[in-house]
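# Architecture and fold: a report
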Amino acid sequence: MRKPFVAGNWKMNKTVEQASLLVADLLPGLQAIQKIERVLCPPFPSLMVISQMIAGTDIGLGAQNMHWEESGAFTGEVAPAMVKEFCDYVIVGHSERRQFFAETDQTVNAKVKAALKMGLTPIVCVGETITENEAGRTAEIVQREVLEGLKDLSSEDAVKLVIAYEPIWAIGTGKAATSQQAEDIIGKIVRGSLADRFGSESAEQIRILYGGSVKGSNAAEFFGMPDIDGALVGGASLKADEFIQICQAAQGSIK
Ligand code: 13P
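## Section: the overall build of the chain
Helices and strands together make up the secondary structure of the chain, namely twelve helices and eight strands. With the C-alpha coordinates of the chain rotated into their principal frame, the extents come out at 45 × 45 × 35 Å. Here the chain holds 255 residues, and 55% of them are scored as buried. Sequence-distant contacts, at least 24 apart, represent 72% of the contacts inside the chain between residues at least 6 apart. Summed over all atoms, the accessible surface of the chain reaches about 11,300 Å², with 53% contributed by carbon and sulfur. Distance between charge centres in the chain, computed from 24 positive and 32 negative side chains, equals 1 Å.

Next comes the structure, spelled out in structure tokens:
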């Protein structure tokens, strides 16, 4: 059985002080939820403080990005070992990184490999733009991002990672995909590509999330779908009550 997974991607929001206040608000509610992997992904400067605040709980911590090299002359970048000091997870290939910071399937692949080597769980993001969607290219784009992003991985490595399908037109727009649209892409295209590449037994073990305007009021619908194992949450993860409500919906979806 795949354990439900809910991660909050705070993006470039919250100073250390603000982040500490949010975590203090989140802690009681998140600790009351069981059987769900709950992960917070704040900006880098808050990782140390939050790791101390959540120590001794089973709440996970993730970075939003990292470089694939071990160290060196890469001004402004953060290495896998630096992420691992505080985190067990790292978001890789978010569409905002692909769009604004020129990330490609090749750099995503390098980061996925570096994360796995460091013992981090990569949360690999894939998804199509509105133009690609309207041109009927969703399946092609998503399949390419999955297969290229996970290139050269063994099945043993593939089962360790988490994939997030985030249609770009649904991110931050308040216009989520329907649960059926998300299920179709996640089940047929994402899990289907994983099955072709790694075998169906491995594909059945890999958690696949939906992301894009998930909130407390629509989360349960997504979690009710057979292939959707959780959510990668942006805006709603900045509000304690919303994020807790989403995690509660994930808990309620356990059969
Ligand atoms: P929103 O939940 O704000 O639409 O963002 C989704 C996202 O990009 C999470 O990574």
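## Some remarks on the sheet that holds strand E4 (residues 89-92)
The sheet built from eight strands closes into a barrel, its strands ordered E1-E2-E3-E4-E5-E6-E7-E8 with parallel pairing. Each adjacent strand pair in this sheet contributes to an overall mean axis angle of 25°, direction not counted. Two strands pair when backbone bridges link them, and strand E1 (residues 5-9) and strand E2 (residues 37-41) are joined in this way by five bridges, in the parallel orientation. Counted as the bridge partner of Gly8 is Leu40 from E2. Helix H12 (residues 240-252) contacts E1, E2 and strand E8 (230-233) of the sheet and is inclined by roughly 165° relative to E1.

## Concerning the site of the ligand
For the ligand, the set of nearby residues contains 13 residues, the closest of which are Lys11, His94, Gly172, Ser213 and Gly235. The separation between an oxygen atom of the ligand and a polar side-chain atom of His94 is 2.8 Å. Contact distances for the ligand include 2.6 Å between an oxygen atom and a backbone N or O atom of Gly172. Protein contact buries 94% of the 310 Å² of open area that the ligand shows by itself. Within the shell around the ligand, the residues separate by chemical class into four nonpolar, seven polar and two charged.

## Notes on the packing of helix H1 (residues 16-31) against H12
For the pair H1 and H12, interaxial distance at closest approach is 9 Å and the crossing angle is 30°. Taken together, H1 and H12 sit at an angle that is classed as roughly parallel. Of the two possible hands of crossing, H1 and H12 adopt the one that is right-handed. The residues of H12 that touch H1, namely those facing Leu22, Asp25, Leu26, Gly29 and Leu30, are Ala240, Phe243, Ile244 and Cys247.

## Let's talk about the pattern of salt bridges
Applying the stated rule across the entire model yields 19 salt bridges. A salt bridge links Glu204 to Arg2; the shortest N-O distance between them is 3.3 Å. You can see Glu204 sitting in the loop between helix H10 (200-203) and strand E7 (207-211) and its partner Arg2 sitting in the segment before E1, a full 202 residues away along the chain. Taking relative accessible area as the criterion, Glu204 reaches 46% and is therefore assigned partly exposed. With its nearest N and O atoms 2.7 Å apart, the salt bridge here joins Asp105 to Arg144. You can see Asp105 sitting in helix H5 (residues 105-117) and its partner Arg144 sitting in helix H7 (residues 138-149), a full 39 residues away along the chain. Accessibility expressed as a relative area gives 39% for Arg144, which makes it partly exposed. Members of the salt-bridge network, linked through shared partners, are Arg2, Arg191, Glu204, Asp227 and Asp229.

## Some details on H1
When the terminal C-alpha atoms of H1 are compared, their 21 Å separation across 16 residues agrees well with the 22 Å that a helix rising 1.5 Å per residue should span. The largest bend in H1 comes to about 30°, at Asp25, with the proline Pro28 one to four residues further on. Every buried residue of H1 is accounted for by Ala19, Ser20, Leu22, Val23, Leu26, Leu27, Gly29 and Leu30. Looking at the buried side of H1, the elements it contacts are E2, helix H2 (47-53) and H12.

## Let's talk about the packing of H5 against H7
Contact geometry for H5 and H7: axes closest at 8 Å, N-to-C directions at 45°. Our classification of the angle between H5 and H7 gives oblique. In contact with Asp105, Gln106, Val108, Asn109 and Val112 of H5, H7 contributes Arg144, Glu145, Glu148 and Gly149. Grouping the amino acids of the contact of H5 with H7 by side-chain chemistry returns two nonpolar, three polar and four charged.

About the cut-offs
- Residues numbered from 1 in each chain as written.
- Predicted model: local features only at pLDDT ≥ 70, side-chain atom pairs only at ≥ 80, totals over all residues.
- Heavy atoms only, no water.
- Helix = DSSP H or I, 4+ residues; strand = E, 2+ residues; numbered from the N terminus.
- Buried < 20%, exposed > 50% of the residue type's maximum accessible area, 1.4 Å probe, protein only.
- Contact = heavy atoms within 4.5 Å.
- Areas by Shrake-Rupley, 256 points an atom, 1.4 Å probe, with all protein chains shown as cover.
- Lys, Arg positive; Asp, Glu negative; His and termini not counted.
- Charge placed at Lys NZ, Arg CZ, Asp CG, Glu CD.
- Pairing = 2+ DSSP bridges.
- Axes fitted to C-alpha atoms, helices over the stretch in contact; angles between N-to-C directions.
- Near = heavy atom within 4 Å.
- Polar contact = N/O pair within 3.5 Å; in protein donor to acceptor, adjacent residues only side chain to side chain.
- Nonpolar A, V, L, I, M, F, W, Y, C, P; charged D, E, K, R; others polar.
- Parallel < 35°, antiparallel > 145°, perpendicular 65-115°, else oblique.
- Left-handed = near helix turned anticlockwise from the far one by under 90°.
- Salt bridge = Lys/Arg side-chain N within 4 Å of Asp/Glu carboxyl O.
- Expected span 1.5 Å × (residues − 1).
- Bend = angle between axes of the 7 residues up to and from the residue.

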